[in-house]
Amino acid sequence: MYSSMPPASLRVLVADDDDEMLAYVTATLQADGCSTVQAHDGDQLLGMLRNALDDPHLRPDVIVADVKMPGLSGLGVLAALQRMTSTLPVVLITAADDASIHTVAKRLGAVGVLHKPFDPDDLLTAVRNAKSVRALHSP
């Protein structure tokens, strides 16, 4: 079960090339009170993020991204965020059952990895924990 902490103003940028998974993640987060913005791949996510980083009204609190997407993968997004010196927390989602994904994701700064299919409560917990991690590391 997830924490009872209210999601209040959590803004989540969600990226997945699978329209059904994108809709599922978005609906789950919105039903819990989060605001969401959707991207269909990692390149679109980074473009949206570049436009939002300097605007506190647009800047997401958390990113949820699929590992395997056309163009820039979820791991590629993490690497790009490192180069941008961004402290945005990222939760990755994946259908792959590969332990090396966890290792690489953690090394690149992901705060969590969820395996598809995942329980909606696990997604909400991961997003809230990611927000807490960001709060601890923010200046």
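All values derive from a computational prediction rather than experimental measurement.

Q: What am I meant to see in the sheet that holds strand 4 (residues 90–94) here?
A: To summarise the sheet geometry, strands pair through backbone hydrogen bonds and adopt either a parallel or an antiparallel arrangement. Within the open sheet, the five strands sit side by side as 2-1-3-4-5. Their pairing is parallel. Looking along the sheet, the strands with just one partner apiece sit at the ends: strand 2 (35–39) and strand 5 (112–115). Within this sheet the neighbouring strands show an average axis-to-axis angle of 20°, counted without direction. Its contacts with the sheet put helix 2 (residues 42–52) on strand 1 (11–15), strand 2 and strand 3 (62–66), and the angle it makes with strand 2 is roughly 130°. Docked against the sheet, helix 3 (residues 74–83) engages strand 3 and strand 4, running at close to 165° with respect to strand 4.

Q: For this particular structure, what's the right way to read the nonpolar core?
A: Burial of nonpolar side chains together is a common tendency in soluble globular proteins. Grouped together as the largest cluster of nonpolar side chains are 25 residues, with contacts concentrated most on L45, L49, I63, A65, L78 and L92. Ranked by residues supplied to this core, first place goes to helix 3 with five residues. In this structure, L45 is in contact with L13, A15, A39, I63, A65 and V77, ignoring residues within four places of it in sequence. Formed by 19 residues, the second largest nonpolar core is a distinct cluster that contains L22, C34, V91 and F118.

The rules we used
- Residues numbered from 1 in each chain as written.
- Predicted model: local features only at pLDDT ≥ 70, side-chain atom pairs only at ≥ 80, totals over all residues.
- Heavy atoms only, no water.
- Pairing = 2+ DSSP bridges.
- Helix = DSSP H or I, 4+ residues; strand = E, 2+ residues; numbered from the N terminus.
- Axes fitted to C-alpha atoms, helices over the stretch in contact; angles between N-to-C directions.
- Contact = heavy atoms within 4.5 Å.
- Core = buried A, V, L, I, M, F, W, Y, C linked by side-chain atoms within 4.5 Å.
- Buried < 20%, exposed > 50% of the residue type's maximum accessible area, 1.4 Å probe, protein only.

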